[in-house]
Amino acid sequence: MHTPLCGHATGHPREYAAEAVRKGLQEIGFSEHNPMPAKFDDWRMDWVDFTEYLRLVEEARAEFPQLPIRLGLECDFIPGKEGWIRELATKAHFDYFIGAVHYITPDWDVDNPLKLARWKDQPVEEVWTKYFNAVTQAAQSGLFDFLAHPDLVKKFGHRPKGDLRPYYKDTLDAIEAAGIAMEVSTAGLRKEVMEIYPSKTFIEEAFRRKIPILISSDAHAPAEVGYEFDRAVALVQEVGYRELSSFRGRKRVSVPLG
């Protein structure tokens, strides 16, 4: 879940917490887009706002003591910036760091609707290969507790034809080898692709490798908290999952599903 500090979300954390209580969620976690040392793009928290982020989360915790509220960051994996992610991890008592890939080149955040024209510049197969190569590197980096929206590259509906498992394989192998978890996010149901991140096939391959999962909404507004969780639960149960993951002090805890 995000906050207005990223520039594209609305609502105070207390409003997200209130919605979580209303919907009967057992815990929530905030995961603002990680700041960079200098201005990087226009859809993440600025470093000067980092202390304010911590304060807002603490306000929500104080107002909803009955609801566990975890603290995290959604951190972009960008080669060459690994040291900054390690430094950020020392700046607060985090419960989790999420690894995310948005950029497949230094100037193309592949999910950015303002850059849709870039999809015409190269074959979709090449874009998918670059994306999953980056996600594989993120898994191998040792920086993260779980990975966000593992097949975000499908956001606008661009997909190679045929069996997509070859694109997934190295990424899933890397997640398994790293011993980290992956997110099943309902945010894709709100996007052009109208599909949970990642696909059912991806989740099936993860289950076969015994990769732990957690369910999230990637909420950018209070009303999106817990968005379509029933559909996500039904999907992962159909695949075979019986446990979810929670994170406390950057340690994973298994929680029975349902």
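Residues numbered from 1 in each chain as written. Predicted model: local features only at pLDDT ≥ 70, side-chain atom pairs only at ≥ 80, totals over all residues. Heavy atoms only, no water.

Re the overall build of the protein chain
Turning to step 1, where the next piece is worked out: A count of helical and extended segments in the protein chain gives seven helices and ten strands.
Turning to step 2, where the next piece is worked out: Summarising the internal contacts of the protein chain: among those between residues at least 6 apart in sequence, 72% fall at separations of at least 24.
Turning to step 3, where the next piece is worked out: On the protein chain, roughly 11,600 Å² of surface is accessible, and the fraction owed to carbon and sulfur atoms is 51%.
Turning to step 4, where the next piece is worked out: Between the centroid of the 33 positive side chains of the protein chain and the centroid of its 40 negative side chains there is a distance of 3 Å. (Helix = DSSP H or I, 4+ residues; strand = E, 2+ residues; numbered from the N terminus. Contact = heavy atoms within 4.5 Å. Areas by Shrake-Rupley, 256 points an atom, 1.4 Å probe, with all protein chains shown as cover. Lys, Arg positive; Asp, Glu negative; His and termini not counted. Charge placed at Lys NZ, Arg CZ, Asp CG, Glu CD.)

What about the layout of surface pockets?
Turning to step 1, where the next piece is worked out: Taken as a whole, the largest pocket encloses approximately 1,000 Å³ of empty space.
Turning to step 2, where the next piece is worked out: Taken together, 38 residues form the lining of the largest pocket, with Leu25, Glu27, Ile215, Phe229 and Leu244 sitting closest to its centre.
Turning to step 3, where the next piece is worked out: Those elements that place two or more of their residues in the lining of the largest pocket are β1 (28–33), β2 (69–76), β3 (96–100), β8 (213–216), α7 (229–239), β9 (243–248) and β10 (251–256).
Turning to step 4, where the next piece is worked out: In terms of residues, the lining of the largest pocket owes the most to one element, β9, which gives five residues.
Turning to step 5, where the next piece is worked out: Here the lining of the largest pocket is built from residues that sort into 17 nonpolar, twelve polar and nine charged.
Turning to step 6, where the next piece is worked out: Each pocket or cavity is described by its volume, and for the second largest pocket that value is around 430 Å³.
Turning to step 7, where the next piece is worked out: The residue makeup of the lining of the second largest pocket, split by class, is seven nonpolar, seven polar and nine charged. (1 Å grid on protein atoms, 1.4 Å probe; cavity = no way out; pocket = protein on both sides within 12 Å on 5 of 7 lines; lining within 4 Å. Points joined across faces, edges and corners; volume = space filled by probe spheres on them. Nonpolar A, V, L, I, M, F, W, Y, C, P; charged D, E, K, R; others polar.)

Examining the nonpolar core
Turning to step 1, where the next piece is worked out: Core analysis: the biggest nonpolar cluster contains 79 residues, and Leu73, Trp119, Trp128, Tyr131 and Phe144 have the highest contact counts within it.
Turning to step 2, where the next piece is worked out: Residue contributions to this core peak at nine residues, all from helix α4 (residues 124–140).
Turning to step 3, where the next piece is worked out: Counting eight residues, the second-largest nonpolar core is a separate cluster that includes Tyr96, Ile98, Ala100 and Ala148. (Core = buried A, V, L, I, M, F, W, Y, C linked by side-chain atoms within 4.5 Å. Buried < 20%, exposed > 50% of the residue type's maximum accessible area, 1.4 Å probe, protein only.)

Quick word on the packing of α4 against helix α5 (residues 165–178)
Turning to step 1, where the next piece is worked out: Look at α4 against α5: their axes get within 8 Å of each other, and the N-to-C directions meet at 5°. Taken together, the axis directions place α4 and α5 in an arrangement best described as roughly parallel. Contacts from Glu125, Trp128, Thr129, Phe132, Val135, Thr136, Ala139 and Gln140 in α4 reach Tyr167, Tyr168, Asp170, Thr171, Ala174, Ile175 and Ala178 in α5.
Turning to step 2, where the next piece is worked out: Partitioning the contact of α4 with α5 into residue classes produces nine nonpolar, four polar and two charged. (Axes fitted to C-alpha atoms, helices over the stretch in contact; angles between N-to-C directions. Parallel < 35°, antiparallel > 145°, perpendicular 65-115°, else oblique.)

Regarding α5
Turning to step 1, where the next piece is worked out: With 14 residues, α5 ought to run about 20 Å at 1.5 Å a step, and its terminal C-alpha atoms sit 20 Å apart, in line with that.
Turning to step 2, where the next piece is worked out: Regarding α5, the residues found buried are Tyr167, Tyr168, Thr171, Leu172, Ala174 and Ile175.
Turning to step 3, where the next piece is worked out: Looking one or two residues past α5, Gly179 carries a phi angle of roughly 70°, positive in sign. (Expected span 1.5 Å × (residues − 1).)

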